[in-house]
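# Working through the structure, step by step
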Amino acid sequence: MSGVKLLTVSEDEGEQRLDRWFKRRFPHVTQGAVEKMCRTGQVRVDGARAKASDRVGPGQVIRVPPLPSVDAPSRPRPDGVSPADARMIQNAVIFRDEHIIVLNKPPGLPSQGGSGQGDRHVDGLTEALKFGYKDRPKLVHRLDKDTSGVLVLARTDRVARALSEAFRHRNTRKIYWAVVAGVPQPKMGSIKYALMKAPGHGRGGEGEKMICIHPAKVADHPEAKRAQTDFFTLWFLGNRLSWMALEPVTGRTHQLRAHMAELGHPIIGDGKYGGSSAENAGDGWGAQIGGEISRKLHLHARQLTIEHPITKKLLTFVAPLPDHMAKTWKALDWNETDVPADPFGDRAK
């Protein structure tokens, strides 16, 4: 631990938020730790208490309390979240204010616990996302374990109710990016197969999978629920791979994965719906392409547009690709700036 320091903001550092000045000087100190030190009066500006969001400028003197050294061993957190997991989930934050927190959820991390999900999930890590608030943020929607991308949490019960209502009544717009086997024909359209749970349990994932039901046969399956996915082919490689934009008009379990597999173009890396063989009903390609393409699921919640529950301002959040998908883009020489951010923008819902 270092001792107390009195540091002067330099001319080169200019005017900026206190927490950002702190992060530039001491990058190993977490945002949560900075906010706590401000809240408890350990950090002071010109001898006075200050908030992490206060602005500081050249010539001001900042009191910095004893800090752990960069190479200090990690200690268990009192909330049970490991230091490594706390850093991981805090680094996943792409936006936050006093009402909401928006994450770019990493692939492989479940949204919440459940059968076969283990103890490590977003909901269990929200203790590390309080950032000075008394209560931990709350999930208002979910992403599959292996799906990455935009995930919104509410910081208060009031906001959680408002956001849950918005998602329930589809007052949000989601655009996913995926890589699928083959090239859909036509290259844009809507998939309107209803979905129902597969009966039984088995090695193939029955009981955890969703079955597509043709719209003309829905009356024969009262347990089937209406589902619609709009799709748009952004780019393709011969007849082997396609970069897809997918917009779920409804929000059923595994909807995008089941719909694309039913279309004959399973999402790359989807062992549950695409299989691992090189045969399917589409263009003859399975969900595992091989070569430099990762075997992980290539499905990413790229963009979410919502109305802010308090300010009522329309907000759009965009999540960068996870590492395995970014490597695929690089291998295929695909560029994110070469495609429209919202190919469905002019289509009436």
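These figures come from a predicted structure and were not determined experimentally. (Residues numbered from 1 in each chain as written. Predicted model: local features only at pLDDT ≥ 70, side-chain atom pairs only at ≥ 80, totals over all residues. Heavy atoms only, no water.)

### A closer look at the environment of A160
Position of A160 relative to the elements: it lies in helix α5 (residues 157-168). Sequence spacing of A160 and H141 is 19 residues, and the spatial spacing of their C-alpha atoms is 9.9 Å. The contacts of A160, once residues within four sequence positions are left out, are K138, V140 and A154. (Helix = DSSP H or I, 4+ residues; strand = E, 2+ residues; numbered from the N terminus. Contact = heavy atoms within 4.5 Å.)

### So, the side chain of T250
Along the chain, the position of T250 falls in the loop between β16 (241-248) and α6 (255-262). Among the polar contacts made by the side chain of T250, one reaches the main-chain amide nitrogen of Q228 at a distance of 2.9 Å. Polar contacts involving the side chain of T250 include one to the side chain of Q255, which spans 2.7 Å. Setting aside anything within four residues of it in sequence, one finds T250 in contact with R170, R226, A227, Q228 and Q255. (Polar contact = N/O pair within 3.5 Å; in protein donor to acceptor, adjacent residues only side chain to side chain.)

### Brief notes about the UniProt feature "active site" (unreviewed entry) in the protein chain
Taken from the UniProt record, the annotation "active site" (unreviewed entry) applies to D144. On the secondary structure map, D144 appears in the loop between β9 (138-139) and β10 (148-154). Ignoring anything within four residues of it in the chain, the contact list for D144 reads K105, H254 and R257. (UniProt positions renumbered as here; feature names shortened; annotations may be inferred.)

### Here we look at the nonpolar core
Side chains of a nonpolar character, in soluble globular proteins, are inclined to be buried together. Core analysis: the biggest nonpolar cluster contains 29 residues, and L103, L246 and L299 have the highest contact counts within it. Of the residues that make up this core, three or more belong to each of domain 2 (83-169) and domain 3 (175-332). The next biggest cluster of nonpolar side chains, apart from the first, holds 18 residues, and it includes L18, V29, V56 and I62. (Core = buried A, V, L, I, M, F, W, Y, C linked by side-chain atoms within 4.5 Å. Buried < 20%, exposed > 50% of the residue type's maximum accessible area, 1.4 Å probe, protein only. Domains from an automatic or database assignment.)

### Quick look at the pattern of salt bridges
All told, the structure shown has 14 salt bridges when counted by the stated rule. Across the pair D270 and R257 runs a salt bridge whose closest N-O atoms are separated by 3.0 Å. Of the two residues, D270 is situated in the loop between α6 and α7 (271-274) and R257 in helix α6; the sequence distance between them amounts to 13 residues. Comparing D270 with R257 shows no difference in burial state: the two are buried. Its salt-bridge partner being R302, residue E336 comes within 3.1 Å of it at the nearest N-O pair. You can see E336 sitting in the segment after α8 (323-332) and its partner R302 sitting in strand β17 (residues 299-307), a full 34 residues away along the chain. Through salt bridges with shared partners, one network takes in D144, R257 and D270. (Salt bridge = Lys/Arg side-chain N within 4 Å of Asp/Glu carboxyl O.)

### Section: the packing of helix α1 (residues 18-25) against helix α2 (residues 31-39)
Between α1 and α2, the least distance of the axes is 10 Å, while the angle of their chain directions is 125 degrees. Taken together, the axes of α1 and α2 lie oblique to each other. Every pair of crossing elements has a handedness; the one defined by α1 and α2 is right-handed. Residues L18, D19, F22 and K23 of α1 pack against Q31, V34, M37 and C38 of α2. By residue class, the composition of the contact of α1 with α2 is five nonpolar, one polar and two charged. (Axes fitted to C-alpha atoms, helices over the stretch in contact; angles between N-to-C directions. Parallel < 35°, antiparallel > 145°, perpendicular 65-115°, else oblique. Left-handed = near helix turned anticlockwise from the far one by under 90°. Nonpolar A, V, L, I, M, F, W, Y, C, P; charged D, E, K, R; others polar.)

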